[in-house]
Amino acid sequence: MAERPGTASRALRAGWLLLGFLCVGIGVVGAFVPLLPTTIFMILGAGCFARSSPALEAWLLNHPRFGPALQAWRAEGAIPRAGKRAACIGITIGYALFWVGAKPGWSMALLVAAMMVACTTWIVSRPLPKDER
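Below, the structure is looked at part by part. Please read these numbers as outputs of a predicted model, since none were measured by experiment.

Criteria and thresholds
- Residues numbered from 1 in each chain as written.
- Predicted model: local features only at pLDDT ≥ 70, side-chain atom pairs only at ≥ 80, totals over all residues.
- Heavy atoms only, no water.
- Helix = DSSP H or I, 4+ residues; strand = E, 2+ residues; numbered from the N terminus.
- Rg over C-alpha atoms; globule rule 2.2 N^0.38 Å.
- Buried < 20%, exposed > 50% of the residue type's maximum accessible area, 1.4 Å probe, protein only.
- Contact = heavy atoms within 4.5 Å.
- Areas by Shrake-Rupley, 256 points an atom, 1.4 Å probe, with all protein chains shown as cover.
- Lys, Arg positive; Asp, Glu negative; His and termini not counted.
- Charge placed at Lys NZ, Arg CZ, Asp CG, Glu CD.

### Let's talk about the overall build of the chain
So, step 1. Tallying secondary structure elements over the chain gives six helices and zero strands in all.
So, step 2. Starting at the N terminus and walking to the C terminus, you meet the elements of the chain as α-α-α-α-α-α.
So, step 3. Against the 2.2 N^0.38 benchmark of 14 Å for 133 residues, the chain shows a C-alpha radius of gyration of 18 Å, more extended than a compact globule.
So, step 4. Taken over the C-alpha atoms alone, the chain extends approximately 60 × 45 × 25 Å along its principal axes.
So, step 5. Put simply, the chain has 133 residues, and 26% of those count as buried.
So, step 6. Here the analysis covers contacts within the chain between residues at least 6 apart in sequence; of these, 56% occur between residues at least 24 apart.
So, step 7. Accessible area of the chain: about 8,800 Å², with a carbon and sulfur share of 72%.
So, step 8. Side-chain charges of the chain comprise 13 positive and 5 negative groups, with the mean position of each set lying 5 Å from the other.

In structure tokens form, the structure reads like this:
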């Protein structure tokens, strides 16, 4: 039996919409829960809404709290100074909790530290938004 025209695209759009709500929901929780990132989930949510709901995408991009960082990322691949600082502090705290909680051997501790240093280096190497330069 043939599918009705537009059924697959409606289902795909609904999937992007649900994924957008999930990402934004996680991002909102991350704004209040230490060590849970906010911005990356908002970036993902905006991308999902771009494929499903231009109105929700516009709402997120114009949001007073999250909009400026999302716009800077989209336009310039830039991360604001405060975001870089928060990410680096969160990564450091996360590693300390990993060290204390997991009590890893030296090889695992060094592997995790190397991955976290790589992530931190990437974050710090992103440009600042034009208004912060």
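### Overview of unusual backbone geometry
So, step 1. One non-glycine residue, Lys-103, lies in positive phi territory at about 45 degrees.
So, step 2. Mapped onto the elements, Lys-103 comes out in the loop between helix 5 (81-102) and helix 6 (106-125).
So, step 3. What makes Lys-103 exposed here is its relative accessible area of 65%.

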